[in-house]
Amino acid sequence: AQSVSQHNHHVILSEAASLELGCNYSYGGTVNLFWYVQYPGQHLQLLLKYFSGDPLVKGIKGFEAEFIKSKFSFNLRKPSVQWSDTAEYFCAVNAENAGNMLTFGGGTRLMVKP
Amino acid sequence: SAVISQKPSRDICQRGTSLTIQCQVDSQVTMMFWYRQQPGQSLTLIATANQGSEATYESGFVIDKFPISRPNLTFSTLTVSNMSPEDSSIYLCSVEVGTFPLWGYTFGSGTRLTVV
């Protein structure tokens with residue numbers, strides 16, 4: 001079965017700092033990759049997703065992620081974070097030919113200090 | 001994409017009782033998923049529910065504890081049975097929506113369950 005690892009459990013940044021959140025998955029076949037955000041007290045929202053094509057995908061709110069197949073990674077980045085980016089971020093993987101479900105990473109709790 | 005209405009949004013229940021969570025989707029969907037998010041942890045898939053067939057449970061989850069109904073293409077329920085404090089979690093339903101390149105998953109707002 002596939003698994004998803006997020007290396008950073010808690011990240012604290014100051015406003016305007018750059019952000020990179022790591023995500024690695026274990027599955028040798030074709031994958032579809034997602035990053036979700038959960039703001040305090042709110043439900044999961046999709047930030048971006050990758051299916052195929054250009055490995056650098058851009059999402060909402062200035063976020064982007066790069067799929068590096070050789071490293072089984074899909075890291076999330078943002079050049080300059082804002083206080084409003086304080087949230088929990090989840091990487092998720094759907095492995096083709098392994099069911100329709102999503103497998104989530106453990107999540108990264110980001111706090112941005114004003 | 002689909003809009004999911006999940007009820008109740010939160011509840012506090014006595015141990016030994018059961019709670020049924022409802023998930024209503026504003027469009028017909030084939031697959032619905034139920035997840036659990038324990039305090040401070042990530043989402044874990046409980047089961048996948050297709051209309052007209054028995055739900056498929058993930059390892060560690062059993063039908064007697066988490067019975068699921070899927071009577072039609074827009075509705076599903078998850079029951080948390082004989083609850084204990086360890087069942088205190090957020091329970092979310094999710095649906096698969098769209099076709100490539102708009103394919104993806106939408107989540108309900110969750111049910112925050114506290115068992116006392």
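Scroll up to find the structure.
Each chain has its residues counted from 1, following the order in which its sequence is written. The order in which chains are written sets their letters, starting at A; the order in which ligands are written sets their numbers, starting at 1. Selection of residues for local features in this predicted model requires a pLDDT of at least 70, selection of side-chain atom pairs for listing and counting requires 80 or more, and totals for whole chains, interfaces and linings are taken over all residues. Computation of side-chain values covers all heavy atoms of the structure but excludes hydrogens and water.

Student: How should the state of the cysteines be read in this particular structure?
Tutor: Each disulfide consists of a covalent bond between the sulfur atoms of two cysteine residues. What counts as a disulfide here is a pair of cysteine sulfur atoms lying within 2.5 Å. The tally for this structure, following the rule as stated, stands at 2 disulfides over all chains. Between C23 of chain A and C91 of chain A runs a disulfide, and the two sulfur atoms are separated by 1.9 Å. Every disulfide takes its handedness from the sign of the S-S torsion; for C23 of chain A and C91 of chain A that torsion is -65°, giving left-handed. Within this pair, whereas C23 of chain A is found in the loop between β3 (19–21) and β4 (24–26), its partner C91 of chain A is found in strand β10 (residues 87–95), the two being separated by 68 residues in sequence. Each residue is assigned to one of three classes by its accessible area relative to the maximum for its type, calculated with a 1.4 Å probe on protein chains only: buried under 20%, partly exposed between the two thresholds, exposed over 50%. By relative accessible area, which is 0% here, C23 of chain A ends up buried. Here C23 of chain B is linked by a disulfide to C93 of chain B, with a sulfur-sulfur distance of 2.0 Å. Residues C23 of chain B and C93 of chain B are joined through a disulfide that is right-handed, its torsion about the S-S bond being 70°. The numbering of helices and of strands both runs from the N terminus, where a helix is a DSSP run of H or I of at least 4 residues and a strand a run of E of at least 2.

Student: Got a minute to help me understand the pattern of salt bridges in this structure?
Tutor: Side chains that carry opposite charge are capable of pairing whenever their charged atoms lie near each other. Residue and element names in this part refer to chain A. Each salt bridge in this description consists of a side-chain nitrogen of Lys or Arg and a carboxyl oxygen of Asp or Glu lying within 4 Å of one another. Counted under the stated rule, the structure contains 6 salt bridges over all chains. E64 is the salt-bridge partner of R77, the closest N and O atoms lying 3.5 Å from each other. Pair noted here: R77 is in strand β9 (residues 73–78) and E64 is in strand β8 (residues 64–68), with a separation of 13 residues, a long-range link. The class of R77 is partly exposed, set by a relative accessible area of 22%. Take E64: its relative accessible area is 18%, and that puts it in the buried class. The partner of K78 in a salt bridge is D85, with the nearest N and O atoms 2.9 Å apart. Both residues of the pair, K78 and D85, count as buried. Residues participating in the shared-partner salt-bridge network are K58, E64, E66 and R77.

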